[in-house]
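Here are the chains, one letter per residue:
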Amino acid sequence: MDYKLHKPTYIKEILDKFGFKFSKSLGQNFLIDGNLIENIIDYSDITQEDYVIEIGPGFGVLTERLVDKCKFLYSIEIDNRLMEVLKYTVKDRDNLEIINEDVLKVDLNKLEHGNRKFKVVANLPYYITTPIIEYLFNYRDIIESITVMVQKEVADRMVADVKSKDYAALSLFVKQNSDAKIILNVPKTVFMPQPKVDSAVVNMKLKPLDNEVDPKKLELLIKSGFSKRRKTILNSLTTGFVDLNKEQLREILSELGLKENLRAENLSLEDYKNIVKRLN
Ligand code: SAM
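Since the structure is predicted, the reported quantities are computational estimates derived from the model, not experimental observations.

Trainee: Explain the site of the ligand to me, and be specific about the residues and the numbers.
Mentor: As a structural note, the neighbourhood of the ligand is formed by 24 residues, with Leu-31, Gly-56, Glu-77, Asn-123 and Tyr-127 the closest of them. The contact in question runs from an oxygen atom of the ligand to an N or O atom on the side chain of Glu-77, over 2.6 Å. Within the complex, 99% of the 600 Å² of free accessible area of the ligand lies under protein. Those elements that provide at least two residues to the shell around the ligand are β1 (30–31) and β3 (72–77). For the shell around the ligand, the residue count by class is 13 nonpolar, six polar and five charged.

Trainee: For the pairing of strand β2 (residues 51–55), give the residues involved together with the corresponding values.
Mentor: Within β2, five of the five residues are buried, which leaves the element mostly enclosed by the surrounding structure. Judged from the five bridges that link them, β2 and β3 form a sheet pairing that is parallel. Its bridge partner being in β3, Ile-53 is matched across the sheet by Tyr-74. In the classification by handedness, the crossover that spans β2, the intervening helix α3 (residues 63–69) and the parallel β3 is right-handed. Pairing of β2 with strand β5 (residues 118–123), which is carried by five bridges, proceeds in the parallel orientation. Opposite Val-52, over in β5, you have Lys-119 as the bridge partner.

Trainee: Which residues make up the pattern of salt bridges, and what values go with them?
Mentor: A complete count under the given rule lists 21 salt bridges for this structure. Salt-bridge contacts for Arg-65 lead to Glu-38; the nearest nitrogen and oxygen are separated by 2.9 Å. Remark: Glu-38 occurs in helix α2 (residues 34–44) and Arg-65 occurs in helix α3; sequence separation between them is 27 residues. A residue is classified by how much of its surface remains accessible, and Glu-38, at 24% relative accessible area, is partly exposed. As a salt-bridge pair, Asp-156 and Lys-152 come within 2.7 Å of each other at their nearest N and O atoms. Residue Asp-156 and its partner Lys-152 are both found in helix α6 (residues 152–159); the two are separated by four residues, about one turn of the helix.

Trainee: Let's hear about the domain arrangement of the protein: which residues, and what values?
Mentor: You can read the domains of the protein as domain 1 (8–206) and domain 2 (215–279). Averaged C-alpha coordinates put domain 1 and domain 2 at centres separated by 34 Å. Facing ten residues of domain 1, the contacting portion of domain 2 comprises 14 residues. Overall, the association of domain 1 and domain 2 removes approximately 920 Å² of surface from exposure, summing both partners, and the carbon and sulfur fraction of that is 73%. Scanning the region where domain 1 abuts domain 2 turns up zero salt bridges. If one sorts the elements of the side of domain 1 that touches domain 2 by residue count, helix α7 (residues 169–177) sits on top with five residues. In terms of residue class, the side of domain 1 that touches domain 2 is built from six nonpolar, one polar and three charged.

Conventions adopted
Throughout, residues of each chain are indexed from 1 in the direction in which the sequence is written. In view of the model being predicted, local features appear only for residues whose pLDDT reaches at least 70, and side-chain atom pairs are presented and counted only at 80 or more, with totals across whole chains, interfaces and linings using the full set of residues. Working from all heavy atoms in the structure, the side-chain values ignore hydrogens and water. We define proximity as follows: a residue is near a molecule or strand when any one of its heavy atoms falls within 4 Å of that partner. In protein, a polar contact means a hydrogen-donor-capable atom and an acceptor-capable atom, both N or O and within 3.5 Å, with residues adjacent in sequence counting only if both atoms are side-chain atoms; elsewhere, any N or O pair within 3.5 Å suffices. Only the protein chains shown count as cover for residues, and all accessible areas are computed by the Shrake-Rupley method using a 1.4 Å probe. A run of H or I in DSSP becomes a helix once it reaches four residues, and a run of E becomes a strand once it reaches two; helices and strands are each numbered from the N terminus. Under the scheme applied, nonpolar residues are Ala, Val, Leu, Ile, Met, Phe, Trp, Tyr, Cys and Pro; charged residues are Asp, Glu, Lys and Arg; polar residues are all the others, including Gly. Partly exposed residues are those whose accessible area sits between 20% and 50% of the maximum for their type, while under 20% is buried and over 50% is exposed, using a 1.4 Å probe and protein chains only. In this scheme, strands are said to pair when DSSP sees at least two bridges between them. Here a crossover is taken to be right-handed if, once the strands point away from the viewer, the path from the first strand over the helix to the second is traced clockwise. What makes a salt bridge here is a side-chain nitrogen of Lys or Arg within 4 Å of a carboxyl oxygen of Asp or Glu, nothing more. Domain start and stop positions are those given by an automatic or database domain assignment. Here, residues are in contact when the closest pair of their heavy atoms is within 4.5 Å. Summed over both partners, the accessible area lost on bringing two parts together, with a 1.4 Å probe, is the buried area.

Below is the structure:
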């Protein structure tokens, strides 16, 4: 196939033809490296049986290749200026539906996907990376994997283990919901316009939640801890819970062999889960 949407000369042609101006606030940094795009798609492991969701097609640089690889592709793009561009760049495909909407407002359950789970692929708009990842986790029953380009710093946080300097609430949410790994480190030079930061591609294979742990309570506990990460867990973990006082927490921590002067960043996902189990 002769793909050309990654070529800067062709991108410039489209910019001129449609009088399009990149929107910084929508995170519009488009990919211009054909090999990298192939690599992202290879790692997403898409077959002709797969239903795929793409977030933010832009001019369609991933779209034009994904649509050839999968059974059906939904591409969700918020910017209505791009609708006429996409009609021109990826026209006449009967296994493609472009949805002009904010991805956070699309009910993914309403998208037809046969008896298979979706694979999600995207070069994400960086201003809402975390909300999008959290949103997708809500659909874990119908999503098998998520392969996304994110800011390098965020990728490091997503895959960080306890005790690493990048460990954050996001690391715990990602670990709770998936097996995640960084599959590619990406320099800023492969984007047009060039962003200020480097990037990385993260692949997440979603897994079922531990049904012994109430996910809402777990989320609340982690958020409480990291919202006051300089405080000891005895002080920070009680913040979000009206029904948990320091005495109760002290007892739970001592049962679990966790020192009360530890901080949120010292506890592993298992530690947080064990606390929630004891809260029940
Ligand atoms: N896929 C293209 C590429 O790789 O070159 C464009 C990626 S660009 C980093 C992010 C895209 O997401 C832009 O097209 C932007 O308009 C779109 N976008 C931004 N916010 C969005 C949202 N809330 N929902 C859907 N798309 C969004």
